[in-house]
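Summary of structural features
Now for the letters of each chain:
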Amino acid sequence: MSSGLGRPVRYVLFAIFAITAWMFLSSSSIPLPDSPRTDTKLPPAIVKEPATVKEPTGPIEKSNQNETPLSKVDPVEPSHKDTPAPASKLVNATFVTLARNSDIWEMVKSIRHVEDRFNRNYHYDWVFLNDQPFDDTFKKVTTALVSGKTHYGVIPGEQWGFPEWIDQEKAKKVRESMAEHKIIYGDSISYRHMCRYESGFFFRHELLQQFEYYWRVEPSIELYCDIGFDPFRLMKDQKKKYGFVVSLYEYYETIPTLWDSVLKFMETHPEHIAEDNSMGFVSDDGGKTYNKCHFWSNFEIGNLDWLRSQAYIDYFTALDQDGGFFYERWGDAPVHSIAAALMLKKEEIHFFNEVGYYHVPFTHCPTGEKLRLDLKCSCNPSENFDWNGYSCTSRFFEINNREKPEGHEKEQG
């Protein structure tokens, strides 16, 4: 049995211990974890945007025909690089984005996804293009976030405007009619400039001449899964020239005569049509009509040498001369997709099931539970767009005589 003084002594000893511990833990001599960045504010948390259609992510509506393009900008070296992957394993490739200065905070979200899920281990460069010079804020923020070099370029004025052969009055009436019929982006001039530029010019920009492959990234996209391999390396090693994650049907009201122009091109340039092509992806009747299937081009990984080839240039020129970018509302997605389907061999087109992706309003969530778990995916498989009746991805597998990924039956809509 303890003495009467035992309990007070224990209280005193406990108090001394508590005070000593508090003084130790609160001491400024204890090192704090290193802060990842101390020279700028961290970007806001990435929050998924509501599924509503947003204005186009291309540059602003005004066309500057007299704008003198900026000369090639020296790449900006970020100051917070991790140890890069061995140079021998890297491919001559870049991310490419068409954006306005006002897109900066939406672009921050996209960059964080790309860097965190993939590029922090590879440090590929990033090319940003705009029809206006990028401001200091855009350059400063994006350079701080990109682990590779950043390049900033201005679009030549003649590539962001109405070609001389376009009847302005006719084009205006078309926009008014589309607005009346509530066709998406039907009355937008900037959207048409963007689609034409993405269809026929971005790969000609001087900043892209040094690269062999590109990965298109738009503001406000999300990557849902870790990318544990290099898609650029896959494209090069397997001799792929075009890669996609989402496919769907185009609005027919925006492209009623597109296939007519394609048919004329095929008749004029049969030498540009591949023997083992993917005509079955874009046509159900051997090429007589277009079934409206296309790869969703807001995500695409492609070979720049193919786009710079005489075959593709001839194709774009033929379409451009017919005026459908302005007399209708041809999108770059069907233009790219039809070209890939006709000019490339089947094995040169790749479906990236492993790349979880979101761009309003569609989600690609990798098919296969084990795959999603291995890649630490955060997407809901019930939201996967691939296997429902509005997607063309099943058709892609069928024309290539391939088995669909294991587990697709559970997601079939």
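Reading the values: the criteria
Residues numbered from 1 in each chain as written. Predicted model: local features only at pLDDT ≥ 70, side-chain atom pairs only at ≥ 80, totals over all residues. Heavy atoms only, no water. Disulfide = S-S within 2.5 Å. Helix = DSSP H or I, 4+ residues; strand = E, 2+ residues; numbered from the N terminus. Buried < 20%, exposed > 50% of the residue type's maximum accessible area, 1.4 Å probe, protein only. Pairing = 2+ DSSP bridges. Axes fitted to C-alpha atoms, helices over the stretch in contact; angles between N-to-C directions. Parallel < 35°, antiparallel > 145°, perpendicular 65-115°, else oblique. Left-handed = near helix turned anticlockwise from the far one by under 90°. Contact = heavy atoms within 4.5 Å. Nonpolar A, V, L, I, M, F, W, Y, C, P; charged D, E, K, R; others polar. Core = buried A, V, L, I, M, F, W, Y, C linked by side-chain atoms within 4.5 Å. Expected span 1.5 Å × (residues − 1). Salt bridge = Lys/Arg side-chain N within 4 Å of Asp/Glu carboxyl O.

With that settled, the discussion passes to the state of the cysteines. Per the stated rule, a full pass over the model turns up three disulfides. Each sulfur in the disulfide pair Cys 225 and Cys 377 lies 2.0 Å from the other. Residues Cys 225 and Cys 377 are joined through a disulfide that is right-handed, its torsion about the S-S bond being 115°. Within this pair, whereas Cys 225 is found in the loop between strand S5 (222-223) and helix H6 (231-237), its partner Cys 377 is found in the loop between helix H13 (369-374) and helix H14 (393-399), the two being separated by 152 residues in sequence. The residues Cys 225 and Cys 377 share a single accessibility class, namely buried.

The strand order S5-S11-S12 describes an open sheet built from three strands, whose pairing is antiparallel. Strand pairing shows two members of the sheet lacking a second neighbour, S5 and strand S12 (362-364), which therefore form its edges. For S5 and strand S11 (residues 357-359), the ladder comprises two bridges, and the chain directions are antiparallel. Bridge pairing in S11 places Leu 223 opposite Tyr 357.

For the rest of this paragraph, the subject is the packing of helix H2 (residues 104-117) against helix H3 (residues 136-145). Interaxial distance between H2 and H3 falls to 10 Å at its minimum, and their mutual angle equals 10°. The orientation of H2 relative to H3 falls into the category roughly parallel. In this structure, H2 meets H3 at a crossing whose hand is right-handed. Counting all contacts with H2, which are made through Ile 104, Trp 105, Met 107, Val 108, Ile 111, Arg 112 and Glu 115, the residues of H3 involved are Phe 138, Val 141, Thr 142 and Leu 145. Residues that form the contact of H2 with H3 fall into these classes: eight nonpolar, one polar and two charged.

One finds Leu 129, Phe 202, Trp 306, Tyr 312, Tyr 315 and Ile 338 to be the most contacted residues of the largest nonpolar core, which totals 62 residues. The element best represented in this core is helix H12 (residues 332-343), accounting for seven residues. When near neighbours in sequence (up to four residues on either side) are disregarded, Phe 202 contacts Val 96, Leu 129, Tyr 197, Leu 208, Tyr 214, Leu 304, Leu 307 and His 336. Judged by nonpolar contacts, the second largest core, of 39 residues, contains Val 108, Trp 215, Leu 234 and Leu 248.

Here we take up helix H5 (residues 189-200). End to end, H5 covers 17 Å across twelve residues, agreeing with the expected 16 Å (1.5 Å per residue, within 8%). Burial in H5 covers these residues: Ile 189, Ser 190, Tyr 191, Arg 192, His 193, Met 194, Cys 195, Arg 196, Tyr 197, Glu 198, Ser 199 and Gly 200.

Moving on: the pattern of salt bridges. The final tally for this structure, using the stated rule, is 16 salt bridges. Residue Glu 198 pairs with Arg 216 through a salt bridge whose shortest N-O separation is 3.6 Å. Taken as a pair, Glu 198 in helix H5 and Arg 216 in strand S4 (residues 213-216) lie far apart in primary sequence, 18 residues in all. The burial state of Glu 198 is the same as that of Arg 216; both residues are buried. Ionic pairing is found between Lys 241 and Glu 348, a salt bridge with its closest N-O pair at 3.6 Å. Note that Lys 241 is positioned in the loop between H6 and strand S6 (242-244) and Glu 348 in the loop between H12 and strand S10 (349-351), a separation of 107 residues in sequence.

Honestly, that's just the spatial picture; any functional story needs more than this.
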